[in-house]
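Per-entry structural report
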Amino acid sequence: MAVLHIHPGADVDIWRRSLGQYLPGLDLRSWPNGIGDRAEIEVVLAWKPPPGELATYPNLKAVLSLGAGVDHIVSDPAFPAGVIIGRLVDPGLVQDMVQYVAHWALSFHRGFHTVAERQEMRTWNKFFYPPAADRRVGVMGLGALGSAAALHLAGMGFDVAGWTRTPKAFEGIVSFHGDDGLLPFLQRSEIVVGVLPHTKETENLLDSRAFDAMPVGGFLINAGRGALVVDADLVAALESGHIAGAALDVFRREPLPADHPFWECPNTFITCHSASLTKAEGGAPFIAEDIRRVLAGQPPLHSVDPARAY
Ligand code: NDP
Ligand code: OXD
């Protein structure tokens, strides 16, 4: 039995050291040069495996995502039927996402995003902001990451709602769900936060109709996946001022091309898919537990239904 690490361009050694603490003697191989006999590979640890690659291991039992998202796995048209998919839920990822969302929500609410510009102009121009309780924030996706972010925002005093596929009952979070819930959710949300997976259903949800539904002067924070947003519609909404600013961490094409209009949009802050970063030290206990479980014939801690795609 062997486990294979597939993460193009990344170093396997950090995972070898971290997993070794929990699974001494683990036979962890590296793609593409240290695979050995493909028939011995039973588990793959994957981040963005090349399409078609996973179908080349005849005894593969499970693919464990090295991140929270699994779109990079389920989008492979040759993904082998019957292979189990697990995803990573780890407190480090949750903490990172909470920090990212809290930072930008607070910046937009308090006008901190305009401080550098004001300072450059040497203008003593007070930024007036409403009480947090009057600032309506809407979080799209209340899973492991979105729910923690939403609850943190509520703890900061914001008036928080969430939008999900199925109804939710988090204390202090107003719940909207499904197609019918989207428009009223957007209409009440001055700051919209995307923490959604990329599926067929979540693609292009934030288009010109969605931005028009949001209050004038609203903000967008997107840390889920880039395909949620129709890029040209967001650019138009930012240029018109209807959307007063955006913090964008994820994009349809990554790296974001140097000539993409987002780089130049007003009050738009780009980070490079780093809202939450998987760290081998933090992820290893969970990945190790999943390897143990899969080899014992049990499902991973967070298994993914390929039909649902998240
Ligand atoms: P979860 O699977 O725990 O949660 C997903 C949430 O999205 C659920 O609340 C789910 O609703 C909701 N959802 C899914 N499909 C729909 C839909 N069609 N309509 C409405 N709601 C929907 O995922 P995580 O919270 O762990 O992660 C979310 C995403 O964040 C990841 O898939 C990944 O894309 C992204 N991510 C980004 C990172 C970054 O650095 N930028 C880092 C890590 C993750 P329901 O509860 O009803 O099922
Ligand atoms: C993830 C990510 O899904 O980094 O973990 O986006």
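See the structure printed just above.
Report follows, based on the coordinates. (Residues numbered from 1 in each chain as written. Chains lettered and ligands numbered in written order. Predicted model: local features only at pLDDT ≥ 70, side-chain atom pairs only at ≥ 80, totals over all residues. Heavy atoms only, no water.)

1. Looking at the packing of helix 1 (residues 13-20) against helix 9 (residues 280-295)
- The geometry of helix 1 relative to helix 9 is characterised by a closest axis approach of 8 Å and an angle of 65° between their N-to-C directions. Viewed along their axes, helix 1 and helix 9 form a crossing whose handedness is right-handed. Seen from helix 1, the contacting residues are I14, W15, S18 and L19; seen from helix 9, they are A280, E281, G283, A284, I287, A288 and I291.
- Looking at side-chain class alone, the contact of helix 1 with helix 9 contains 8 nonpolar, 2 polar and 1 charged residues. (Axes fitted to C-alpha atoms, helices over the stretch in contact; angles between N-to-C directions. Helix = DSSP H or I, 4+ residues; strand = E, 2+ residues; numbered from the N terminus. Left-handed = near helix turned anticlockwise from the far one by under 90°. Contact = heavy atoms within 4.5 Å. Nonpolar A, V, L, I, M, F, W, Y, C, P; charged D, E, K, R; others polar.)

2. Some details on the side chain of H5
- Topologically, H5 is positioned in strand 1 (residues 2-6).
- Since its relative accessible area comes to 2%, H5 is described here as buried.
- Those residues within four positions of H5 in sequence are excluded, and the remaining contacts are A10, D11, V12, W15, L28, R29, S30, W31, L45 and L66. (Buried < 20%, exposed > 50% of the residue type's maximum accessible area, 1.4 Å probe, protein only.)

3. Focus on the site of ligand 1
- Taken together, 29 residues form the shell around ligand 1, and within it R87, T166, K168, D249 and Y310 come nearest.
- Here a nitrogen atom of ligand 1 sits 2.9 Å away from a polar atom, N or O, in the main chain of A223.
- Computed on the free molecule, ligand 1 has an accessible area of 940 Å², of which 93% lies beneath the protein chains in the complex.
- Among the elements that take part in the shell around ligand 1, helix 5 (residues 144-155) stands out by supplying 3 residues, more than any other.
- Class assignment for the residues of the shell around ligand 1 results in 13 nonpolar, 10 polar and 6 charged. (Near = heavy atom within 4 Å. Polar contact = N/O pair within 3.5 Å; in protein donor to acceptor, adjacent residues only side chain to side chain. Areas by Shrake-Rupley, 256 points an atom, 1.4 Å probe, with all protein chains shown as cover.)

4. Examining the site of ligand 2
- Close contacts around ligand 2 come from W47, G67, A68, G69, R225 and H273, and that covers them all.
- A distance of 2.8 Å is found between an oxygen atom of ligand 2 and a side-chain nitrogen or oxygen belonging to R225.
- One of the side-chain nitrogen or oxygen atoms of H273 is found 2.5 Å away from an oxygen atom of ligand 2.
- Protein chains shield 86% of the accessible area of ligand 2, which is 210 Å² for the free molecule.
- Its residues placed into classes, the shell around ligand 2 shows 2 nonpolar, 3 polar and 1 charged.

5. Description of the packing of aromatic side chains
- With the rule as written, the count across this model stands at 6 aromatic pairs.
- Both rings, one in F108 and one in F269, keep their centres 6.3 Å apart while their planes meet at 50°; by these two values the pair is tilted. Placement of the pair is F108 in helix 3 (residues 91-110) and F269 in strand 12 (residues 268-270), with a sequence separation of 161 residues.
- Under the relative-accessibility criterion, F108 is labelled buried at 0%. (Phe/Tyr/Trp six-rings, centres within 6.5 Å; stacked < 30°, edge-to-face > 60°.)

6. So, the pairing of strand 9 (residues 191-194)
- Neither face of strand 9 is exposed, since I191 and V193 on one face and V192 and G194 on the opposite face are all buried.
- As judged from the 4 bridges shared by strand 6 (residues 136-140) and strand 9, these two strands associate in the parallel manner. The residue bridging M140 from the neighbouring strand is G194, located in strand 9.
- One crossover worth recording links strand 9 to the parallel strand 10 (residues 218-222) by way of helix 7 (residues 208-213), and it is right-handed. (Pairing = 2+ DSSP bridges. Right-handed = clockwise from strand over helix to strand, strands pointing away.)

7. Considerations on helix 3
- The end-to-end C-alpha distance of helix 3, which contains 20 residues, comes to 28 Å, matching closely the 28 Å that a straight helix rising 1.5 Å per residue would cover.
- The opening residue of helix 3, the one whose side-chain oxygen lies 2.6 Å from the backbone nitrogen of G92, is D90.
- Directly beyond the C-terminal end of helix 3, a positive phi value near 75° is found at G111. (Expected span 1.5 Å × (residues − 1).)

8. Things to note about the environment of A46
- Along the chain, the position of A46 falls in strand 3 (residues 41-46).
- By relative accessible area, A46 is classed as buried at 0%.
- In the structure, A46 is positioned 26 residues away from H72 in sequence and 8.8 Å away in space, judged by C-alpha atoms.
- In this structure, A46 is in contact with I6, V63, L64, S65, L66, H72 and I73, ignoring residues within four places of it in sequence.

9. Points about the sheet that holds strand 3
- Taken in spatial order, the 5 strands make up an open sheet running 2-1-3-4-5, and their pairing is parallel. If you trace the sheet from one side to the other, it starts and ends with strand 2 (28-30) and strand 5 (84-86), each paired once. Within the sheet, the average angular offset between the axes of one strand and its neighbour, ignoring direction, is 25°.
- Summarising the sheet, strand 1 and strand 3 pair through 5 bridges and their orientation is parallel. Bridging across to strand 3, L4 finds its partner in V44.
- In this fold helix 1 packs onto strand 1, strand 2 and strand 3, with an angle of close to 175° to the strand it touches most, strand 2.
- Packing against the sheet, helix 9 makes contact with strand 1, strand 3 and strand 4 (62-65), and its axis sits at approximately 155° to strand 3.

10. Notes on unusual backbone geometry
- Cis geometry is adopted by the peptide bond preceding P32, which originates at W31 and carries an omega value of 5°.
- Position of P32 relative to the elements: it lies in the loop between strand 2 and strand 3.
- P255 follows E254 through a cis peptide bond whose omega is -5°.
- Considering the arrangement of structural elements, one finds P255 in the loop between strand 11 (243-248) and strand 12.

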